[in-house]
Amino acid sequence: MTHPPLRNHSFPHRLLAELRVRHLANILIAASIFIVLGTTLYPFDFTTEDVDKRWAPFVAPKIENLRSLQDDAVTNIVLFLPIGVGFGIIAVRKRMSMLGGFGAVTLAGALLSLFVEVLQLFLPFRYSSLLDIAANTIGSAVGYMVYIVSARPLYQMLTRAVERGREGNASGWLVAAYCIYLLCVCLITVPLQHSSLIYEFNKFTYPLVVGNEPTGDKGWNGRMYDLIITRHGLAPEGVARYLLGKPLAGDDARMIVARYVLKGHAPYSDLARLNAPLEWRGGSPDAADTMGASITEKRWLQTANPAYELSSSMIETKRFTICFSAQSLSWSDKARIVTVSSSPYQRNFSVLQLGNDLAVRYRSMTTGINGTNPQFIVPDVFADSLLHRIVVSLDATQLHVYIDRIENHYDVELGPGFALLNRTFPTRGVLDLSSAMKNFHNYLYAALAFMPLAYMLGLLLTQEHASLVARLLITTIGVLFPPFLVEEELVLMTGRSVIHEHIHTGIAIMIATTVITWSYYKLKPGFFPDEGRVAS
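Residues numbered from 1 in each chain as written. Predicted model: local features only at pLDDT ≥ 70, side-chain atom pairs only at ≥ 80, totals over all residues. Heavy atoms only, no water.

Engineer: Run through the overall build of the protein, naming residues and quoting values.
Structural biologist: Along the backbone of the protein there are 14 helices and 15 strands. When burial is assessed residue by residue, the protein has 49% of its 536 residues classed as buried. (Helix = DSSP H or I, 4+ residues; strand = E, 2+ residues; numbered from the N terminus. Buried < 20%, exposed > 50% of the residue type's maximum accessible area, 1.4 Å probe, protein only.)

Engineer: Would you mind going over a nonpolar patch on the surface in detail, with residue names and values included?
Structural biologist: A grouping of Phe 46, Leu 107, Leu 111, Leu 114, Val 118 and Phe 122 is seen on the molecular surface, where their side chains present a nonpolar patch of about 510 Å² in accessible area. With respect to the helices, strands and loops of the structure, Phe 122 is situated in the loop between helix H5 (98–120) and helix H6 (130–163). Residue class for Phe 122 comes out partly exposed when judged on its relative accessible area of 31%. (Patch = residues over 30% accessible without salt bridge, like charges linked within 9 Å, V, L, I, M, F, W, Y side chains within 5 Å. Areas by Shrake-Rupley, 256 points an atom, 1.4 Å probe, with all protein chains shown as cover. Salt bridge = Lys/Arg side-chain N within 4 Å of Asp/Glu carboxyl O.)

Engineer: Explain helix H8 (residues 236–243) to me, and be specific about the residues and the numbers.
Structural biologist: Buried residues of H8: Gly 238, Val 239, Tyr 242 and Leu 243, and no others. The buried residues of H8 occupy an angular sector of 135° when projected down its axis, which confines them to one face. As for H8, its buried residues are in contact with strand S2 (222–230), helix H9 (250–254), strand S7 (319–328), strand S12 (387–395), strand S13 (398–403) and strand S14 (405–413). Remark: Gly 245 follows H8 within two positions and exhibits a positive phi of approximately 85°. (Arc of directions from axis to C-beta. Contact = heavy atoms within 4.5 Å.)

Engineer: Explain the sheet that holds strand S9 (residues 346–355) residue by residue, including any values.
Structural biologist: An order of S4-S6-S1-S8-S9-S10-S11-S15 is seen for the eight strands of this open sheet, with the pairing classed as mixed. Every other strand in the sheet has two partners, leaving strand S4 (278–281) and strand S15 (430–432) as the edge strands with one partner each. Neighbour-to-neighbour, the strand axes of the sheet open up by a mean angle of 25°, direction not taken into account. Pairing of strand S1 (residues 208–210) with strand S6 (residues 300–303) involves two bridges; the strand directions are antiparallel. By the bridge assignment for S6, Val 210 is matched with Leu 301. (Pairing = 2+ DSSP bridges. Axes fitted to C-alpha atoms, helices over the stretch in contact; angles between N-to-C directions.)

Engineer: Summarise the nonpolar core; cite the residues concerned and give the values.
Structural biologist: With 52 residues, the main nonpolar core has Leu 208, Ile 229 and Phe 349 as its most contacted residues. Residues in contact with Leu 208, not counting those within four places in the same chain, are Leu 227, Ile 229, Tyr 260, Leu 278, Leu 301, Gln 302, Thr 303, Ala 307, Leu 310, Val 338, Thr 339 and Val 340. Within the second largest apolar cluster, 22 residues are counted, among which are Val 185, Ala 449, Ala 454 and Leu 457. (Core = buried A, V, L, I, M, F, W, Y, C linked by side-chain atoms within 4.5 Å.)

Engineer: How would you summarise the pairing of S14 if you had to cite specific residues and measurements?
Structural biologist: The two faces of the sheet receive side chains in turn, since in a regular strand these alternate between them. As judged from the six bridges shared by S13 and S14, these two strands associate in the antiparallel manner. Across the sheet, Val 401 pairs through a bridge with Tyr 410, a residue of S14. Hairpin geometry of S13 and S14 is characterised by an intervening segment of one residue between the two adjacent antiparallel strands and by a positive phi of about 70° at Asp 404.

Engineer: Tell me about helix H3 (residues 51–59), and name the residues and values.
Structural biologist: Those residues of H3 that sit buried are Val 51, Arg 54 and Phe 58. Down the axis of H3, the sector holding all buried residues measures 65°, keeping them to one side. In H3, the exposed positions angled more than 90 degrees off the buried face are occupied by Asp 52 and Lys 53.

Engineer: Now, about the pairing of strand S10 (residues 357–362): what can you tell me, with residues and values included?
Structural biologist: Most of S10 sits out of view: six of its six residues are buried. In this structure, S9 lies alongside S10, joined through six bridges in antiparallel fashion. Of the residues in S10, the one forming a bridge with Leu 354 is Asp 357. Counted between consecutive antiparallel strands, the loop separating S9 from S10 contains one residue.

Engineer: Explain the environment of Gly 495 residue by residue, including any values.
Structural biologist: By the element assignment, Gly 495 lies in the loop between helix H13 (468–494) and helix H14 (500–523). Classification of Gly 495 as exposed rests on a relative accessible area of 57%. Gly 495 sits 98 residues away from Thr 397 along the chain, and the two C-alpha atoms are 9.7 Å apart. Setting aside anything within four residues of it in sequence, one finds Gly 495 in contact with Arg 319 and Leu 490.

Engineer: Please set out the packing of helix H7 (residues 171–194) against H13 residue by residue, giving values where relevant.
Structural biologist: Where H7 contacts H13, the two axes come as close as 10 Å, and the packing angle between them is 25°. As far as their axial angle goes, H13 and H7 are roughly parallel. Where H7 crosses over H13, the two elements pack in a sense that is right-handed. Between H7 and H13, the contacting residues are Tyr 178, Leu 182, Val 185, Cys 186, Thr 189, Val 190, Gln 193 and His 194 on the first element and Gly 478, Phe 481, Pro 482, Leu 485, Val 486, Glu 489, Leu 490, Met 493 and Thr 494 on the second. (Parallel < 35°, antiparallel > 145°, perpendicular 65-115°, else oblique. Left-handed = near helix turned anticlockwise from the far one by under 90°.)

Engineer: Please set out the packing of aromatic side chains residue by residue, giving values where relevant.
Structural biologist: This model, assessed by the stated rule, comprises five aromatic pairs. Seen in terms of ring centroids, Phe 204 and Tyr 308 are 5.8 Å apart; in terms of plane orientation they differ by 50°. Their pairing is tilted. One end of the pair, Phe 204, is in the loop between H7 and S1; the other, Tyr 308, is in helix H10 (residues 308–317), with 104 residues separating them in the sequence. Judged by its relative accessible area of 58%, Phe 204 falls in the exposed class. Its relative accessible area of 36% is what places Tyr 308 among the partly exposed residues. Ring centres of Phe 320 and Phe 349 lie 5.2 Å apart, and the angle between their planes is 25°; this geometry places the pair in the stacked category. (Phe/Tyr/Trp six-rings, centres within 6.5 Å; stacked < 30°, edge-to-face > 60°.)

Engineer: Residues and numbers for unusual backbone geometry, please.
Structural biologist: Omega for the peptide link from Ala 266 to Pro 267 comes to 5°, which places this bond in the cis form. If you trace the backbone, Pro 267 turns up in the loop between strand S3 (256–261) and S4. With phi around 60°, Arg 273 is a residue other than glycine that occupies positive phi space. Along the polypeptide, Arg 273 turns up in the loop between S3 and S4. Here Arg 273 falls in the exposed class, since its relative accessible area comes to 78%. With a phi angle near 60°, Lys 334 is a residue other than glycine that sits in the positive phi range. Along the chain, Lys 334 falls in strand S8 (residues 332–343).

What follows is the structure in C-alpha cells.
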C-alpha cells in the first residue's frame, strides 16, 4: 500500500521555519554587538594614559559644533537600532507586556552603550560622553518600537507563508541568491575603494610649505636638510638608497617631481625644475644655513606659487612619496613639517609632528578635505632631538612609513574595508600604524563580503539530490571564486599588485563558514524531511 508523502515542508521552508524567533533574535543581536564593538573600539589601542583628561568631557560634554553633534547623534541612534529589534524579539518571545518590554530593551541598550563608552575612555583618540549613551539608548528604544509596529507583523506574515508553502527544491533559489550577493559585493567594492584614493587635490591654489601652514599658525621648530617628492610609491630598494644617504637612481630618479637641498641662502631652487623656489616667510635667518634650514614657529619656507606640477602628478598617479631629513628641536602639537595646503583645515597632504609622534594626512573622500578621518601616526619618532631620515609613501591603497632604517617600517592597507568603516562610523582621530589591530577593517570587510556567500554555499551542499562529484565541484568553485574575483577587481582598479593575504583570508572565511553551516543543518537531528514513504 502506498502512502502520501510526509507533510514535512521542503528544505527552504523548513530552513525559514527553523529560523524562528529565537534564532533570528540571537543572530541579529550577535551580529549587532559585533558591529558595535568593532566600529566603536577600532583600532583597539587601549591605554591608561590621560584617562583623567578624557573623564571630564565624558561626564560634562561641551557642545562646540552643533552640526557635528547632530551627525554623531544620528549615527549613534542608527547603530543601536538592530540591538533594539533583536532584544525586542526576545521580549515578545518572553511574553513581556509592551511597557515591560520597552523598559527591558531600553535598559539593555543603555548598559551596552555604557560598557562601550567606558572602554572608549581608554582609547587615546576616541571621544565618549553621556550624550553618546543617551543617543544609543534612544536607538535601542526606537528599534524596539520599530519591531513592535512593523517588523513583527511582517515576520509573522512571512512565517505563515513559509509554513503553508508547497514542496520544492532550494537549489535554484540558493544559486540565484549566491550570484546576486556576489554581484552586490563587486559593485559596492568599486566605490568604496575609490573613496580611499587621492581625491580632488587642489593644484591651482595650494603652495608647498615647509615648517608651517600658509596662515602661519601651525609652526614647527627644527631643522630641515633636504626634501624629495616623487609621483609614485617608492619601492623598498629606492627607500633603502635614500635612508643610506644615496641619491635615487633609475626609474625612481625619473619620477621625482620636487627636490630641494636646504643649504646656504634662500631661496632654495627646485632641482627638478618643476616647482617654484622655497622662500622664507615670517623673517629669515641672520646667516646662511650651512647645516640645514633652521625653522622656527614664526619662520618657515614656502613657494610663492601653487605647487601645480607637484599636485597634478599625484592626481594622475594616485601615488606619492615624500623623503626628507629633519631634526625636531622641541615638542610640538600639530606642527606642519611638509604640507601642500591652504590653511589648517584644507590640504592635499601633510606630514606633521603631533607631540612626539609623526603624523600623515592626505585628502580622499574617506579622510576628508583635512585628511583627519583618520590621520595616520607613528609613535615617538620625535621623542629625541636627533636627525631622522623619513620616507612616507602612498602607493594607491598602501601607506608606508620608514624611519631611519628599512627595518623600521610601518604600513597599513587602505582597502574598501577602511572606507566602509571610516565613512560609516568616522573616528575623527588617528590610526596608529604600530598597532597590531591597524588592519582590522580588512578582516571586517572580508567577513561581511564572504560569510553570507559561504552560508548560502553550505546550505546548497546540504541538498540531497547532488552527487559527490557535483558537491566537490560546487565547493571548489564556490569557495575559491569570490576571493579571487574581488582581489582581481581591486588590482584592475588601482593598478597595484595582488595581495595574496587578501585571497587567503577570503578562502579561510569561506571554508570555515561553509563547513559550520553544512555541519549545523546536515547533522541537526530531525531537520530534514525523510525522502521516502512511511509505512502504515
